[in-house]
Amino acid sequence: MAVSPPIWGLPKTPTRTSSSDAMDKKKDIINRLKTLQGHIGGIEAMVEKDESCDAIMLQLRALSSSLKRLQYKVLSTYVDECLEEEDGKKKLLKMLDYVGRD
């Protein structure tokens with residue numbers, strides 16, 4: 001098994017994915033974060049221009065949906081790493097708890 005580089009401060013652990021796969025996943029997560037930042041900026045501009053509540057709420061809903069997809073992506077990226085660690089089940093359940101909170 002390959003050792004993947006740490007993403008978001010998690011320790012290096014053997015995984016089923018290659019180092020290149022881990023870097024691709026990290027780039028995808030970073031791109032999604034940048035997209036969210038741009039979306040937030042757009043919503044801020046809408047508020048500054050006194051756009052309708054309907055339009056702002058629609059964009060906030062889209063932002064929320066994108067954020068949930070990002071949470072899933074981050075979680076799915078680390079499933080293999082968590083399950084291979086001794087306390088992996090505990091860590092995975094903690095991550096799922098974060099995703100389940102509203």
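Our structure's up above, just so we're on the same page.
Source: prediction; values computed, not measured.

Caption draft 1: The overall build of the protein chain, seen in detail. Scanning the protein chain from N- to C-terminus turns up three helices and two strands. Seen in sequence order, the protein chain has helices and strands lined up from the N terminus as β-β-α-α-α. By residue count, 24% of the 102 residues in the protein chain fall in the buried class. In the protein chain, the share of contacts with a sequence separation of at least 24, taken over all contacts with a separation of at least 6, comes to 42%. Surface summary for the protein chain: the accessible area is close to 7300 Å², and the carbon and sulfur share equals 57%.

Caption draft 2: Here's a closer look at unusual backbone geometry. Residues other than glycine seldom take positive phi values, yet Asp 50 does so here, at roughly 55°. Inspection of the secondary structure assignment puts Asp 50 in the loop between α1 (19-48) and α2 (53-84).

Caption draft 3: Structural view of the nonpolar core. Residues Ile 29, Leu 36, Ile 43, Met 46, Ile 56, Leu 63, Leu 70, Val 74, Leu 75, Tyr 78, Leu 92 and Met 95 constitute the largest nonpolar core, which totals 12 residues. At the level of elements, α1, α2 and α3 (88-100) are the ones that each hand at least two residues to this core. It is α2 that provides the largest number of residues to this core, a total of six residues.

Caption draft 4: Spatial organisation of α1. Compared with an ideal rise of 1.5 Å per residue, which puts 30 residues at 44 Å, α1 spans 44 Å between its outermost C-alpha atoms and is within 8% of the ideal. Those residues of α1 that sit buried are Ala 22, Ile 29, Leu 36, Ile 43 and Met 46.

Caption draft 5: The arrangement of the environment of Met 57 in detail. Residue position: Met 57 is located in helix α2. Residues Met 57 and Ile 43, 14 residues apart in the sequence, show an inter-C-alpha distance of 9.2 Å.

Conventions adopted
- Residues numbered from 1 in each chain as written.
- Predicted model: local features only at pLDDT ≥ 70, side-chain atom pairs only at ≥ 80, totals over all residues.
- Heavy atoms only, no water.
- Helix = DSSP H or I, 4+ residues; strand = E, 2+ residues; numbered from the N terminus.
- Buried < 20%, exposed > 50% of the residue type's maximum accessible area, 1.4 Å probe, protein only.
- Contact = heavy atoms within 4.5 Å.
- Areas by Shrake-Rupley, 256 points an atom, 1.4 Å probe, with all protein chains shown as cover.
- Core = buried A, V, L, I, M, F, W, Y, C linked by side-chain atoms within 4.5 Å.
- Expected span 1.5 Å × (residues − 1).

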